[in-house]
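Below are the chains, spelled out letter by letter.
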Amino acid sequence: MASNMDREMILADFQAAINGVIPQENGILQSDYGGETIPGPAFDPANRPAPAPPSSSSSAFRPVMPSRQIVERQPRMLDFRVEYRDRNVDVVLEDSCTVGEIKQILENELQIPVSKMLLKGWKTGDVEDSTVLKSLHLPKNNSLYVLTPDLPPPSSSSHAGALQESLNQNFMLIITHREVQREYNLNFSGSSTIQEVKRNVYDLTSIPVRHQLWEGWPTTATDDSMCLAESGLSYPCHRLTVGRRSSPAQTREQSEEQSTDVHMVSDSDGDDFEDASEFGVDDGEVFGMASSALRKSPMMPENAENEEEALLQFAAEFSSRYGDCHPVFFIGSLEAAFQEAFYVKARDRKLLAIYLHHDESVLTNVFCSQMLCAESIVSYLSQNFITWAWDLTKDANRARFLTMCNRHFGSVVAQTIRTQKTDQFPLFLIIMGKRSSNEVLNVIQGNTTVDELMMRLMAAMEIFTAQQQEDIKDEDEREARENVKREQDEAYRLSLEADRAKREAHEREMAEQFRLEQIRKEQEEEREAIRLSLEQALPPEPKEENAEPVSKLRIRTPSGEFLERRFLASNKLQIVFDFVASKGFPWDEFKLLSTFPRRDVTQLDPNKSLLEVKLFPQETLFLEAKE
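The shown structure was predicted, so the numbers you read here are calculated from the model rather than taken from an experiment. (Residues numbered from 1 in each chain as written. Predicted model: local features only at pLDDT ≥ 70, side-chain atom pairs only at ≥ 80, totals over all residues. Heavy atoms only, no water.)

Participant: Is there a simple way to explain the overall build of the chain in this structure?
Facilitator: The secondary structure content of the chain amounts to 15 helices and 20 strands. Here the chain holds 627 residues, and 38% of them are scored as buried. Contacts in the chain between residues at least 24 apart in sequence constitute 65% of all its contacts with a sequence separation of at least 6. Taken as a whole, the chain presents about 36600 Å² of accessible surface, with 50% of it coming from carbon and sulfur. (Helix = DSSP H or I, 4+ residues; strand = E, 2+ residues; numbered from the N terminus. Buried < 20%, exposed > 50% of the residue type's maximum accessible area, 1.4 Å probe, protein only. Contact = heavy atoms within 4.5 Å. Areas by Shrake-Rupley, 256 points an atom, 1.4 Å probe, with all protein chains shown as cover.)

Participant: Any chance you could explain the confidence of the model for the chain here in plain terms?
Facilitator: In regions of low pLDDT, the predicted coordinates are not meant to be interpreted in detail. For the chain, the average pLDDT comes to 79, and 78% of its residues sit at 70 or higher. Per-residue pLDDT stays below 50 along residues 21–71; that stretch engages in 65 contacts with residues further than four places along the chain or on separate chains. Confidence drops under pLDDT 50 across residues 255–295; counting only partners more than four residues distant or on other chains, this segment forms 60 contacts. (pLDDT = per-residue confidence, 0-100.)

Participant: Hey, could you run me through the sheet that holds strand β18 (residues 590–594) in this one?
Facilitator: Sheet strands associate in pairs through backbone hydrogen bonding, adopting either a parallel or an antiparallel arrangement. Spatially, β17-β16-β20-β18-β19 is the arrangement adopted by the five strands of the open sheet, whose pairing is mixed. Single-partner strands in this sheet number two, and they are β17 (562–568) and β19 (599–600). Pairing of strand β16 (residues 550–556) with β17 involves seven bridges; the strand directions are antiparallel. When the sheet's bridge partners are listed, L553 is paired in β17 with R565. (Pairing = 2+ DSSP bridges.)

Participant: Help me understand helix α15 (residues 573–582), please; the structure alone is not making it clear to me.
Facilitator: Side chains three or four residues apart in an α-helix point the same way, a direct result of the helix having 3.6 residues per turn. In terms of burial, α15 is largely enclosed, as nine of its ten residues are buried. Taken together, the buried positions of α15 are L573, I575, V576, F577, D578, F579, V580, A581 and S582. Looking at the buried side of α15, the elements it contacts are α14 (450–537), β16, β17, β18 and β20 (618–625). Positive backbone phi, at 100°, marks G584, one or two positions downstream of α15.

Participant: Looking at this model, I keep getting lost on the packing of aromatic side chains. Mind explaining?
Facilitator: Given two aromatic rings, their pairing is described by the distance between the two centres and the angle made by the two planes. In total, this model carries 21 aromatic pairs according to the counting rule given. For the ring pair F338 and F342, a centre distance of 5.6 Å and an interplane angle of 20° mean the geometry is stacked. Of the residues examined, F338 reaches a relative accessible area of 4% and is grouped as buried. Here the aromatic rings of F342 and Y343 are separated by 6.5 Å at their centres, their planes lie at 85°, and the arrangement is edge-to-face. Aromatic ring contacts, followed pair by pair, group F314, F318, Y322, F329, Y355, F367 and F428 into a single cluster. (Phe/Tyr/Trp six-rings, centres within 6.5 Å; stacked < 30°, edge-to-face > 60°.)

Participant: Help me understand the side chain of E619, please; the structure alone is not making it clear to me.
Facilitator: With respect to the helices and strands, the residue E619 is situated in strand β20. As a buried residue without a salt bridge, E619 has its nearest oppositely charged side chain in R599, at a separation of 5.9 Å. In contact with E619, not counting residues within four places along its chain, are K552, L553, R554, S594, T595, F596 and K614. (Lys, Arg positive; Asp, Glu negative; His and termini not counted. Salt bridge = Lys/Arg side-chain N within 4 Å of Asp/Glu carboxyl O.)

Participant: It is not clear to me how the state of the cysteines should be interpreted in this structure. Could you clarify?
Facilitator: Two cysteines whose sulfur atoms are joined by a covalent bond form what is called a disulfide. Scanning the model with the defined rule gives zero disulfides in all. Not part of a disulfide, C325 finds its nearest cysteine sulfur in C373, a span of 6.4 Å. For C325, a relative accessible area of 29% gives the class partly exposed. Not part of a disulfide, C368 finds its nearest cysteine sulfur in C373, a span of 6.6 Å. (Disulfide = S-S within 2.5 Å.)

Participant: For this particular structure, what's the right way to read the pattern of salt bridges?
Facilitator: Pairing of side chains with opposite charge becomes possible as their charged atoms draw close. Here the structure, examined in full by the defined rule, presents 28 salt bridges. A salt bridge links D224 to K198; the nearest nitrogen and oxygen atoms lie 2.7 Å apart. On the criterion of sequence distance, the pair formed by D224 in the loop between β9 (212–215) and β10 (237–244) and K198 in helix α4 (residues 194–205) is long-range, its members being 26 residues apart. Pair check on accessibility: D224 and K198 agree, each one buried. Across the pair D489 and K485 runs a salt bridge, and its minimum N-O distance is 3.1 Å. Note that D489 and K485 are positioned in helix α14 at a spacing of four residues, about one turn of the helix. Several salt bridges share partner residues, and in doing so they unite E317, R321 and D359 into one network.

Participant: What's the story with the nonpolar core in this structure? I'm lost.
Facilitator: Burial of nonpolar side chains together is a common tendency in soluble globular proteins. With 59 residues, the main nonpolar core has L352 and W388 as its most contacted residues. What L352 contacts, discounting residues up to four positions off in sequence, is L334, A337, F338, A341, F342, F385, I386, W388, L429, I430 and I431. Formed by 21 residues, the second largest nonpolar core is a distinct cluster that contains F80, V91, L106 and L138. (Core = buried A, V, L, I, M, F, W, Y, C linked by side-chain atoms within 4.5 Å.)

Participant: Teacher, can you tell me more about the pairing of strand β13 (residues 385–391) here?
Facilitator: Put simply, side chains in a regular strand alternate between the two faces of the sheet. Of all the seven residues making up β13, seven are buried; the element is thus mostly covered by neighbouring parts of the structure. The side-chain alternation of β13 yields two buried faces, one formed by F385, T387, A389 and D391 and the other by I386, W388 and W390. Note: strand β12 (residues 351–357) against β13, seven bridges, orientation parallel. Looking across to β13, one finds that Y355 is bridged to A389.

Participant: Is there a simple way to explain helix α2 (residues 99–110) in this structure?
Facilitator: Between the first and last C-alpha of α2 there are 16 Å, a value that for twelve residues agrees with the 16 Å anticipated at 1.5 Å per step. All buried positions along α2 are accounted for by V99, G100, I102, K103, L106 and L110. All buried residues of α2 project into a common sector of 150° when viewed along the axis, lining one side. Against β3 (77–84), β4 (87–94), β5 (118–120) and β6 (141–147) lie the buried residues of α2. Positive backbone phi, approximately 60°, marks Q111, located one or two places after α2. (Expected span 1.5 Å × (residues − 1). Arc of directions from axis to C-beta.)

Participant: What should I look at first to understand the environment of F367 in this one?
Facilitator: The topology assignment puts F367 in helix α10 (residues 364–372). Along the sequence, F367 and D203 sit 164 residues apart, while their C-alpha atoms lie 10.0 Å from each other.

Participant: Explanation requested: the environment of F401 in the structure shown.
Facilitator: Mapped onto the elements, F401 comes out in helix α12 (residues 395–409). The exposure class assigned to F401 is buried, which follows from its relative accessible area of 0%. Sequence spacing of F401 and D391 is ten residues, and the spatial spacing of their C-alpha atoms is 8.8 Å. Non-local contacts of F401, meaning those with residues more than four positions away in its chain, are made with I354, L356, W388, W390, L392 and I417.

Participant: Looking at this model, I keep getting lost on a nonpolar patch on the surface. Mind explaining?
Facilitator: A cluster of nonpolar side chains, namely L118, Y145 and L147, defines an oily patch on the protein surface of about 260 Å² accessible area. If you trace the backbone, L118 turns up in strand β5. Look at L118 and you get partly exposed, because its relative accessible area is 39%. (Patch = residues over 30% accessible without salt bridge, like charges linked within 9 Å, V, L, I, M, F, W, Y side chains within 5 Å.)

Participant: What's the story with the sheet that holds β12 in this structure? I'm lost.
Facilitator: Spatial strand order, β13-β12-β14-β15: four strands in an open sheet with mixed pairing. Edge positions in the sheet fall to β13 and β15 (438–444), since each has one partner strand and no second. Looking at each pair of strands side by side, their axes are set apart by 25° on average, direction ignored. Pairing of strand β14 (residues 427–433) with β15, which is carried by six bridges, proceeds in the antiparallel orientation. Bridging from a neighbouring strand, I430 pairs with N442 of β15. (Axes fitted to C-alpha atoms, helices over the stretch in contact; angles between N-to-C directions.)

Written out as structure tokens, the structure reads:
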């Protein structure tokens, strides 16, 4: 016993020596000379050689290095995964750090005081905060957990909020049918129950619920009435396996023995179904009755008068049952759906898909959850179709749709839908709009697969695309003709407007010329009247031989002509200005200049006499237009 303990201690010391000499992270050996680094082999515990027996030679515990170089130990990095309630915190530290430093990091991450924190999971038992990690000889990866006995548990309100969020999520259940090795990908909302999952699986596998043997359910999923959000399933995907158990008695024994295991046997509603076969009742009938009884509300109210309100309820109930990943149902009347799909430009037209729902059909749940809610189908429908829906479960709603069908598609299509059996529902009608009538391209029944449904939708799209190309060509040609006609009409209109504009401009020009001519005439008449009045007001020209002194003025006009007249030396200068104005040269437009010396006579005082302004006995003046 002692020899074994000594041998383990020797191996532990050898391992510590190897860890201290050869760095495990990057295999870099450092020299003491100038910080030079020398690459060395990275240490791998899985590939390390068998430990050599202890020797007094130091070379057994350190690698051979080049001359004058010694090994400097690199710090070893340790990874810690710390779990606290529903959280995991990853911490990476050097082995030279202490336990207290881990707690300080956790204090920042978890918002828990170090004094309230107990760090558990050490393989050596409880340790002090001052303990250096290197002294614990820890492996590379470590798992710890935190206890807070002095802190109250989290409030129930946060748990309720998380549960409510899970109820609104969609779970992808990947279910493998063990006997046939077939896999189903089923989408369920978090509010769906385990019982609903099992009944959907019955539709797919024909294994009655009481005969289903399951593997993969969480240990918390102990009741079939439990919803998926609180059953502990992995989000967003969870794998399950289902098979048929050999006998009900054997399965019940296994269920009792493995009630706490992850394998769960479906005994739900066993008392209700166990004796059904003894009375000649088929499993499908029992399933149909149970499914109908468990439904919370119909897809559409009976005797729905307002189609928009009925379809709003249909869309809401469909989302509640099968999740939010489903086709976008057109909310409005069937006529409004026609308008949206057909009575638009050819490039914008789409096919109309009419989904006819029936709650009493055993195919409905599978068709809705697996085919109609498949992402590929939803995407293809949203891009190429207007999807309208109606529920035929109630007789009144069925009769109303048949009336609409007879009116829009004819009696043949109405009779085809009328003769469909309940188990052939749901139906998918593909409608293409034409110039004269609406044509039903395809009627797809519920007993189909995703691939077959997609192929039939694509086949309808090929027919529609060919027709659409012809319609686009016709529409483009019609628009081209209309554009030419519009361009001609526009050119004619612009020509008329240009002619009218020219005519109006000419009329305005003539009117302006007439107006200016009138003004000019009025001004000339006014000037002529002023000239005549000035001419009449002039005193008579004195004779050369006169008792009073006489001044003789000679005035040169801008045209070179001369005006001559005699004035009394005692006459005022204003009389000269009036004389010049009476000859057509008003003094406000012309100035009167003398030659020697040169001066502007019009700037002199007009009330002075000619003698005073030195225009006596004679003077030569000339007229010049003012600027």
